[in-house]
Each structure stands twice: as C-alpha cells, then as structure tokens.
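Structure at a glance
The residues making up each chain are set out below.
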Amino acid sequence: MDFLIEHLQLESSDLFYVLACGLIAGLCRGFAGFGLSALIVTSMTLVLLPKEVVPIALLLEMLSSLVMARMTWSAIQWSLLKWLFAGAAIGVPVGVLMLKAIPADPLRIVISVAVLVASGLLFFGRHFMLKESGPKNLSVGLVSGVANGAASLGGLPVAIYMMAVAFPAEAVRATMNLYFLVLDAYGTGALVFAGLLDEVTLARTAFLVVPVVFGIYVGNKIFQRSSATHYRYVVLTLLMILSITGLVKSFI
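Keep in mind the model is a prediction, meaning the values are calculated, not measured.

1. Some remarks on the nonpolar core
Nonpolar side chains tend to gather and get buried jointly when the protein is soluble and globular. F34, I40, M44, L156 and M176 are the most contacted members of the largest nonpolar core, which totals 69 residues. In terms of residues, this core owes the most to one element, helix α9 (residues 169-193), which gives 11 residues.

2. Topic: the packing of aromatic side chains
Evaluated as defined, the whole model comprises three aromatic pairs. Taking 6.3 Å as the distance between ring centres and 75° as the angle between the ring planes, the aromatic pair formed by F31 and F223 counts as edge-to-face. Highlighted residues: F31 in helix α2 (residues 12-32) and F223 in helix α10 (residues 199-224), separated in sequence by 192 residues. On the accessibility criterion, F31 (9% relative accessible area) is buried. On the basis of an interplanar angle of 65° and a centroid distance of 5.5 Å, the ring pair of W73 and W78 is categorised as edge-to-face. When its relative accessible area of 47% is taken as the criterion, W78 is described as partly exposed. The residue whose ring lies beneath R173 is F223, and the NZ or CZ to ring-centre distance is 3.8 Å.

3. Points about a nonpolar patch on the surface
Taken together, the side chains of L23, L27, F214, V218 and I222 make up a nonpolar region of the molecular surface, amounting to roughly 390 Å² of accessible area. Contributing elements (two or more residues each) for the nonpolar patch: α2 and α10. The dominant element in the nonpolar patch, judged by the number of residues it contributes, is α10, at three residues. Tracing the backbone through its elements, the reader meets L27 in helix α2.

The rules we used
Residues numbered from 1 in each chain as written. Predicted model: local features only at pLDDT ≥ 70, side-chain atom pairs only at ≥ 80, totals over all residues. Heavy atoms only, no water. Core = buried A, V, L, I, M, F, W, Y, C linked by side-chain atoms within 4.5 Å. Buried < 20%, exposed > 50% of the residue type's maximum accessible area, 1.4 Å probe, protein only. Helix = DSSP H or I, 4+ residues; strand = E, 2+ residues; numbered from the N terminus. Phe/Tyr/Trp six-rings, centres within 6.5 Å; stacked < 30°, edge-to-face > 60°. Lys NZ or Arg CZ within 6 Å of the ring centre and 35° of its normal. Patch = residues over 30% accessible without salt bridge, like charges linked within 9 Å, V, L, I, M, F, W, Y side chains within 5 Å. Areas by Shrake-Rupley, 256 points an atom, 1.4 Å probe, with all protein chains shown as cover. Salt bridge = Lys/Arg side-chain N within 4 Å of Asp/Glu carboxyl O.

Here's what the structure looks like:
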C-alpha cells in the first residue's frame, strides 16, 4: 500500500475510489462505446486536478480502443470518420492550449457543464433528427477535437451527432471506437509536446488498466444481450450525476 501511495501520489482512501472509477468507466465504454473519458474526468477531478486527469483519460481511451477493435470493426462508418479526423486535427491543439491556460476550478466547471448539457442532449437526442453532410461532419470533428484536447470529452459531440443522424447503436460504438484511437493518439502527442505527461501520470494510468479492461469485457457482454434502443441510458444517467457532483464541488 505504501508503495502505491508513494508512486501514485494518492491518499490511501483515494486508491479504492480511483479503482472504482476505472471499473465503472470501462463498463460503460464496453457497453455504450463512449463515456470512458467523461466518466474518468468528472469523477477523478474530485480528487485530482483536471490537467492531471486528462492525460490519464486519453491514455485509457487509446487502450480501450485497441481492446474493442475486434469487437466493433465491421460496423465502422468510414465516410463519417474522414471528416471527423480532419476537423479534430485542427481542434486538438487548440484544446491543449486551453488546458494549460485555464485554472483548475474554472476548467472543472466548464467540463462539468459541458458533460451535463451533452448528456441531456443525448438523452433526448431521438427528437432531434439531422441529415448527415460533409460540412456538418467536419464541424463536429472540430468541436470534438477542442473538447478532447481541453477536457478529454471529445466523444460526446460525436455521440450526440451520430444519434441525431440516427445511426444504429452498433455503428455508433464501432465508429467512435476507431475515432478515439486516432484522436487520442494525436491528443497524447500534443500533451507530450506541452509537457503534461510524467511518471506519476503513467503510473496512475497503469494502475487503472486492469479494472478498465475488465469493465470493457463485462460491458460488451451486457451490450450483446441488451436492446440497442436502451443501451445509452445507463451511461447518460451516470454522466449527469457525475457532472452535477463536479459542479457542486467547484462551488463549495
């Protein structure tokens, strides 16, 4: 225990909390195909600074995408992905600069509000029908890139858009999984360049690998046995609860 406390720089009471965060985030990622970053950021910023949590979320997203690649490859929407990548290439560096410049509490508030609003839109997204187009895809990629670089929340704009366009659940999971892999690899490179990755970050990420991967496999099994029309509600409920919790902590 002392070894973990020393290398992770966490209080003993926080170790089990962080493990639980990783397990729940992995479960939701495996089930819904998104939500890991948002859950990690909104839950772990209760005990760590946002600039400490975002790199962990990016690294765990990359790992999750690799784990889920074989589960989702056949349902990927390739025509959408190319536009998302183009927009994100511009947006990620802007988001990373924001992460370095904004103090902890204001950034936590922005993250929590963004998650709460995005979760609400997703929850009621079936009422907002859009027609897919190249310019819309590019714009969503740009917004996603900024959100990912600044707060590791890049998946939420994409999820909102894909549901508004009425992509099936399998396509949402598959497309977002590959998108996360490329986007977070790019975002991690930007974080390295900005000096936001260190040994403590890597140690904390390694500490979360087992619970996250276990959660992904369990979540995928649940998805396979569940109705696609209901798959999103568990994640959205958790996201809204955690974002409200983050807001309360910021104002106390």
